[in-house]
Amino acid sequence: MEKISIIVPCYNEEKALPIFYDELIKNIKKFPENIDFELLFINDGSKDNTLNIIKSFKQNKSMANLNIEYISFSRNFGKEAGILAGLEHSTGDYVTLMDADLQDPPSLLLEMFNYVKNEDYDAVGTRRVNRKGEPIVRSFFSKLFYKLINKMTSFEMVDGARDFVFMKRNVVEAIISLKEYNRYSKGLFSFVGFNVKWIEYKNIPRVAGKTKWSFWKLTQYALEGITAFSTAPLIVSSIIGLIFCVVSFLLIIAIIFKTLILGDPTSGWPSLVCIIFMVSGIQLFSLGIIGQYLSKTYLEVKQRPLYIIKEKTLK
Ligand code: UDP
Ligand code: MG
């Protein structure tokens, strides 16, 4: 029997979870009967009733081909940690990641399954074709982010891509094998490659509860995406330093000639400015180089766990 694992990271989702669960069950029933399901909730340190709701799903489940499991973190570690824990603990031949707020429609699951099962695809990704219902400023910065990051990385990050993906086991293993601490799932998914089918849908507003993403959090997430996959910002600092050096060098030559021809009315001042320019330029330039090495090392050396489990139903 083939098994599909459905991973659902949840943080304070008491309002959305029951609606999500009903909708999901409806769609699971559309699958052929010889398929097993593993529904794996990750409770990411919720402060509301989320964990109890998950437990009640487990107690009251009625389908024979459905297993409900959960992992509960000791505190909030963020969605990326939840995704990793889910991938590492999932046992299905196929694995999919879904938000608990129904922004990832379960009605697409069967179509996604058919692509990887019957066609030559290893994974199916989803992307939003519009951003309706989202603040304009946020959409603007999202677009800018994708333009920037695609200039800086050697593989393509799809604009509007969601974390809602459906993967074969080999893709899951590839993603787990990337042991980095700063995880940016969309990037990791693009990085591992494979034959991916992209399907599109219109943005769906969250069914209940509130988004956990403030503008500030999103900005930090974007910066994480950039630093995790590119060292271009460091190169920029080197380039600025280099420009400073060249400009000051030209200025020094110009001033020497000017002084020789016209004399020097305020002695010392222009040359001093040039020297300050040059020295600070060189400093910035070297800092840039050191920074390149440091950033690579820094991210790797800590080796902290990405999440800590307080309670779980799986091995
Ligand atoms: N989530 C999580 N940990 C967090 C923040 C969010 O597990 O620290 C979950 C959340 O419960 C939801 C999914 O990640 O299932 C997406 O979160 P949200 O809907 O707030 O993000 P958005 O859809 O607005 O990008
Ligand atoms: Mg959402």
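These numbers were taken from a predicted model, which means no experiment stands behind them. (Residues numbered from 1 in each chain as written. Chains lettered and ligands numbered in written order. Predicted model: local features only at pLDDT ≥ 70, side-chain atom pairs only at ≥ 80, totals over all residues. Heavy atoms only, no water.)

Details of the overall build of the protein
For the record, the criterion: Secondary structure counts use DSSP, requiring at least four H or I residues in a row for a helix and at least two E residues in a row for a strand, with both numbered from the N terminus. With C-alpha atoms as the basis for the radius of gyration, the globule rule is written as 2.2 Å multiplied by the number of residues raised to the power 0.38. Burial status follows relative accessibility: with a 1.4 Å probe on protein chains alone, a residue under 20% of its type maximum counts as buried, one over 50% as exposed, and anything between as partly exposed. Between two residues, a contact is recorded if the distance between any of their heavy atoms is within 4.5 Å. Residue-level accessible areas treat just the shown protein chains as cover; the underlying method is Shrake-Rupley with a 1.4 Å probe. Only four residue types enter the tally: Lys and Arg on the positive side, Asp and Glu on the negative side; His and the chain ends are excluded. For charged residues, the charge sits on one atom: NZ in Lys, CZ in Arg, CG in Asp, CD in Glu.
Looking only at helices and strands, one finds 10 helices and 8 strands in the protein. Relative to its length of 315 residues, the protein is extended, with a C-alpha radius of gyration of 26 Å against a globular reference of 20 Å. Along the first, second and third principal axes, the C-alpha atoms of the protein reach 95 × 40 × 35 Å. Counting across all 315 residues of the protein, residues that qualify as buried make up 45%. Expressed as a percentage of contacts within the protein between residues at least 6 apart in sequence, the contacts between residues at least 24 apart total 82%. Here the protein has roughly 17100 Å² of accessible surface; of this, 62% comes from carbon and sulfur atoms. Looking at the protein, you have 39 positive and 32 negative side-chain charges, and the mean spots of the two groups are 5 Å apart.

As for a nonpolar patch on the surface
For the record, the criterion: To count toward a patch, a residue needs a relative accessible area above 30% and no salt bridge. Like charges then connect within 9 Å, nonpolar side chains (Val, Leu, Ile, Met, Phe, Trp, Tyr) within 5 Å. Between Lys or Arg on one side and Asp or Glu on the other, a salt bridge is scored when a side-chain nitrogen of the former is within 4 Å of a carboxyl oxygen of the latter.
On the surface, L242, V246, F249, L250, I253, I256, F257, L260, I261 and L262 cluster together to form a nonpolar patch covering roughly 1100 Å² of accessible area. Its place among the elements puts I261 in helix α9 (residues 232-262). Taking relative accessible area as the criterion, I261 reaches 67% and is therefore assigned exposed.

Here's the deal with the side chain of Q103
By the element assignment, Q103 lies in the loop between β4 (94-97) and α4 (109-118). Not counting residues within four places of it along the chain, the set of residues in contact with Q103 comprises R162, Y201, N203, I204, P205 and R206.

Description of the state of the cysteines
Inclusion rule: The disulfide definition used here is simple: a pair of cysteine sulfur atoms within 2.5 Å.
Under the defined criterion, the tally for this structure stands at 0 disulfides. No disulfide involves C274; its nearest neighbouring cysteine sulfur is the one of C245, lying 12 Å away. On the basis of relative accessibility, which here comes to 4%, the residue C274 falls in the buried class.

Examining helix α2 (residues 50-60)
Quick note on the threshold: Starting at the helix axis, one direction is taken to each C-beta atom, and the arc is that of these directions.
Taken residue by residue, α2 has T50, L51, I53, I54 and F57 as its buried positions. All buried residues of α2 lie within an arc of 165 degrees about the axis, which places them on one face of the element. For α2, the exposed residues lying more than 90 degrees away from the buried face are Q59 and N60.

Notes on the environment of F77
Tracing the backbone through its elements, the reader meets F77 in the loop between β3 (66-73) and α3 (79-89). A relative accessible area of 17% means that F77 is categorised as buried. As a C-alpha pair, F77 and L306 span 229 residues in sequence and 7.4 Å in three-dimensional space. Those residues in contact with F77 that sit more than four places away from it in its chain are D44, L306, Y307 and I308.

What to know about the site of ligand 1
To keep it simple, the criterion reads: One heavy atom suffices: a residue is near a molecule or strand as soon as one of its heavy atoms comes within 4 Å of it. Any pair of N or O atoms that falls within 3.5 Å is considered a polar contact. Within protein, one atom must be able to donate a hydrogen and the other to accept it, and sequence-neighbouring residues count only if both atoms are side-chain atoms.
Neighbouring residues of ligand 1: 16 residues in total, closest E13, D44, Q103, R206 and T211. In this structure, an oxygen atom belonging to ligand 1 sits 2.6 Å away from a side-chain N or O atom of E13. K79 has a polar backbone atom sitting 3.5 Å from a nitrogen atom of ligand 1. Taken by itself ligand 1 offers 530 Å² of open surface, and the protein chains cover 89% of this.

A closer look at the packing of helix α5 (residues 136-152) against helix α8 (residues 215-229)
Any two packed helices are characterised by the angle at which their axes cross and by the distance between the axes. The line we're drawing: Here an angle of 0 to 180 degrees is reported between the N-to-C directions of two axes, which are lines fitted to C-alpha atoms, with helices fitted over the stretch in contact. An angle counts as roughly parallel when it lies under 35 degrees, as roughly antiparallel when it exceeds 145, as roughly perpendicular when it falls between 65 and 115, and as oblique in every other case. Under this grouping Gly is polar, as are all residues other than the nonpolar Ala, Val, Leu, Ile, Met, Phe, Trp, Tyr, Cys and Pro and the charged Asp, Glu, Lys and Arg.
The contact between α5 and α8 brings their axes to 10 Å, and the two run at 10 degrees. The orientation of α5 with respect to α8, classified from their angle, is roughly parallel. Here V137, R138, F141, F145, I149 and M152 of α5 lie close against α8, whose contacting residues are F215, L218, A222, G225 and I226. Among the residues forming the contact of α5 with α8, the class breakdown is 9 nonpolar, 1 polar and 1 charged.

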